[in-house]
Amino acid sequence: MKGTRLDVASLAANARETWRPSNADRARVRQKLKAPLASSRLSAGPRVMWIAVAAVAVVGTAALLLMSDAKSEAAALQKRADTHASVAAPIAASAAAPHLQPVLSIAHAPPPSRTRRAAPLPPAPVPERSELELLRRADRALRDGDARSARAILQQHEEEFPTSLFADERAALSILAECAANAPDSGGLARRFIAEHPGSWLRQRLRSACEL
Amino acid sequence: MDVAVRTEAASEQEFPDSNDRALSFDEVYEMHVDLVWRGARALGVLANDLDDVVQDVFVVVHRKLGAFEHRSSIKTWITGVLVNEVRRYRRQLPRTQVQDVLAIELPSEVDPHRALESAFAADLLARIVASLSDDTREVFVLSEIEGLTMPAIAESLSINLSTAYSRLRLAKQQVERHLERVRCQITRSER
């Protein structure tokens, strides 16, 4: 692996390369831009037309609100019941067949794909999104002896960041979790990892935790 | 070409670059997407939000390119748009996430071999840059990572040149202090 000196110029040069978007990144964002650019072109049209459209929308929305007012309470109650059911189902399934879901006991839905970021973020707690933070949490869980949580966090990391720069660290932490859980062949996995990554900073921990 | 006519033509997704050659939006995108992507990341946009912020920048570029008057280079102009969009993004982040992004947590044990790996080095720089104040971070990223000239940075950030130099000097001092701590950790690990 290419070495990087610990001075500003070398770190900056390294960052310029490391943080460059891949061709897939460029193409994906370009593709995502199609819709907003199309609407941007539309917005340059006659303002009168948009004012009329807006007026119709406001009147229509007001009418719909009035019509739906009586139904809203019942709908809200139904939605709350649905939510309880959707949360309870995976928990119940997990309890019934724990061997089928050894890592995640509650289904963790990925965030919906967006073409535009929603403007105001809610004040409620949001799911952790920083990939480094996920790795830190997994590491902390391992150091606390909580292999199950570590595996869950690492699985989440793999789902959210499949092409992470830190895939090697994730793999090493996953093996540490396997060793901590006394999983079969965890020692073999650790030996193979160390052979393939002789410079990994986690090799000592692997040797120690997996008793190599 | 008459300025008014040229501006009219520009609204049809084309505008002249500094050499007065008409560029399509696609060309502008290809020329500057690396700057926008990398700059957004370095300025503290979370990995999961990069697509959205880069997209936001180019939507603004697309909307305003017809009015671009060439008082600065296109790169300087796009950099200004990028900085504004990142500021807007960061204002929307929940406080806990801002703290998370800003939390500089150097590893407790630094493996001397690991310190030379590029992923570790990039992560280290990201954490150090995140620990800077917003003002100094912007100048540091644009100067040291993106290689913009100081006059271009001052223009992008709408600050005067002496302020830009002062912020860069402060940022470099702070970065150097962090690096010195890491070097000390490595030296201790090597003993």
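Residues numbered from 1 in each chain as written. Chains lettered and ligands numbered in written order. Predicted model: local features only at pLDDT ≥ 70, side-chain atom pairs only at ≥ 80, totals over all residues. Heavy atoms only, no water.

Chemist: Would you take a moment to explain the overall build of chain B for this structure?
Modeler: A count of helices and strands for chain B gives 9 helices and 2 strands. Order of helices (α) and strands (β) in chain B, N terminus to C terminus: α-β-β-α-α-α-α-α-α-α-α. The contacts of chain B with a sequence gap of at least 6 include a subset with a gap of at least 24, amounting to 64%. Accessible area of chain B: about 8,600 Å², with a carbon and sulfur share of 48%. (Helix = DSSP H or I, 4+ residues; strand = E, 2+ residues; numbered from the N terminus. Contact = heavy atoms within 4.5 Å. Areas by Shrake-Rupley, 256 points an atom, 1.4 Å probe, with all protein chains shown as cover.)

Chemist: What's the story with the packing of aromatic side chains in this structure? I'm lost.
Modeler: Aromatic rings considered in pairs are described by the distance between their centres and by the relative angle of their planes. Residues and elements named next belong to chain B. Under the definition given, this model contains 2 aromatic pairs over all chains. Ring centres of Phe25 and Phe58 lie 6.2 Å apart, and the angle between their planes is 85 degrees; on these two criteria the pair is classed as edge-to-face. Taken as a pair, Phe25 in helix H2 (residues 25-42) and Phe58 in helix H3 (residues 50-64) lie far apart in primary sequence, 33 residues in all. Like Phe58, Phe25 is buried. (Phe/Tyr/Trp six-rings, centres within 6.5 Å; stacked < 30°, edge-to-face > 60°. Buried < 20%, exposed > 50% of the residue type's maximum accessible area, 1.4 Å probe, protein only.)

Chemist: I tried to follow the nonpolar core on my own but got confused; where do I start?
Modeler: In globular proteins that are soluble, nonpolar side chains generally tend to be buried together. Counting residues in hydrophobic clusters, the biggest one holds 68 residues, and the most contacted among them are Phe58, Val61, Trp77, Ile78, Leu125 and Phe140 of chain B. Among the elements that make up this core, the one with the highest residue count is H2 of chain B (9 residues). Discounting residues that sit within four places of it in the chain, Phe58 of chain B has contacts with Leu33 and Leu37 of chain A together with Phe25, Val28, Tyr29, His32, Val33 and Val36 of chain B. Core analysis: the next-biggest nonpolar cluster, separate from the first, contains 24 residues, Ala141, Ile175, Phe193 and Ile194 of chain A among them. (Core = buried A, V, L, I, M, F, W, Y, C linked by side-chain atoms within 4.5 Å.)

Chemist: Would you mind showing me how to read the packing of helix H6 (residues 167-180) of chain A against helix H7 (residues 186-196) of chain A here?
Modeler: The packing of two helices is summarised by the inter-axis angle and the distance between the axes. All names here are of chain A. One can describe the packing of H6 onto H7 by two numbers: an axis separation of 9 Å at closest approach and a directional angle of 155 degrees. Considering the angle they form, H6 stands roughly antiparallel to H7. Taken as a pair, H6 and H7 cross one another with a handedness that is left-handed. Of the residues in H7, those in contact with Asp168, Ala171, Ala172, Ile175, Glu178 and Cys179 of H6 are Ser186, Gly187, Leu189, Ala190 and Phe193. (Axes fitted to C-alpha atoms, helices over the stretch in contact; angles between N-to-C directions. Parallel < 35°, antiparallel > 145°, perpendicular 65-115°, else oblique. Left-handed = near helix turned anticlockwise from the far one by under 90°.)

Chemist: Just to check I follow, could you spell out the pattern of salt bridges for this structure?
Modeler: What the rule picks out here adds up to 17 salt bridges over all chains. Residues Arg28 of chain A and Asp51 of chain B are paired through a salt bridge, measuring 2.6 Å at the closest nitrogen-oxygen approach. Linking Arg28 of chain A in helix H2 (residues 23-42) with Asp51 of chain B in helix H3, this pair reaches from one chain into another. Its relative accessible area of 32% is what places Arg28 of chain A among the partly exposed residues. Among the residues examined, Asp51 of chain B registers a relative accessible area of 9% and is labelled buried. Between Glu85 of chain B and Arg88 of chain B there is a salt bridge, and its shortest N-O distance comes to 2.7 Å. Pair noted here: Glu85 of chain B and Arg88 of chain B are both in helix H4 (residues 74-92), with a separation of 3 residues, about one helical turn. By relative accessible area, Glu85 of chain B is classed as buried at 10%. Each member of the salt-bridge network shares a partner with another, and the members are Glu17, Arg20 and Arg26 of chain A together with Asp34 of chain B. (Salt bridge = Lys/Arg side-chain N within 4 Å of Asp/Glu carboxyl O.)

Chemist: Looking at this structure, how should I read the packing of helix H1 (residues 8-18) of chain A against helix H6 (residues 118-131) of chain B?
Modeler: Running from N to C, H1 of chain A and H6 of chain B point in directions that differ by 105 degrees, and their axes come no closer than 9 Å. Considering their axes alone, H1 of chain A and H6 of chain B lie roughly perpendicular with respect to each other. Residues Leu11, Ala12, Asn14, Ala15 and Thr18 of chain A of H1 of chain A lie in contact with H6 of chain B, whose contacting residues are Ser118, Ala121, Ala122 and Leu125 of chain B. Taken together, the residues of the contact of H1 of chain A with H6 of chain B break down into 6 nonpolar, 3 polar and no charged. (Nonpolar A, V, L, I, M, F, W, Y, C, P; charged D, E, K, R; others polar.)

Chemist: It is not clear to me how the confidence of the model for chain B should be interpreted in this structure. Could you clarify?
Modeler: Detailed reading of the predicted coordinates is not advisable wherever pLDDT is low. All names here are of chain B. The predicted model of chain B averages 78 in pLDDT, with 74% of residues at 70 or higher. In this model residues 1-18 is a low-confidence stretch, pLDDT under 50, and it forms 33 contacts with partners more than four residues away in sequence or in other chains. Every residue in residues 99-108 scores below 50 in pLDDT, and together they form 28 contacts with partners more than four places removed in sequence or on other chains. Taken over the whole predicted complex, pTM reads 0.53, whereas the ipTM for its chain interfaces reads 0.78. (pLDDT = per-residue confidence, 0-100.)

Chemist: Help me understand the state of the cysteines in this model?
Modeler: Note on terminology: a disulfide is the covalent bond linking the sulfur atoms of two cysteines. Residue and element names in this part refer to chain A. Inspection of the entire model under this criterion finds 1 disulfide over all chains. In this model Cys179 forms its disulfide with Cys210; the gap between the sulfur atoms is 1.9 Å. Its torsion about the S-S bond being 100 degrees, the disulfide of Cys179 and Cys210 is classed as right-handed. With Cys179 in helix H6 and Cys210 in the segment after helix H8 (203-209), this pair connects stretches of sequence that are 31 residues apart. Of the two residues, Cys179 and Cys210, both sit in the buried class. (Disulfide = S-S within 2.5 Å.)

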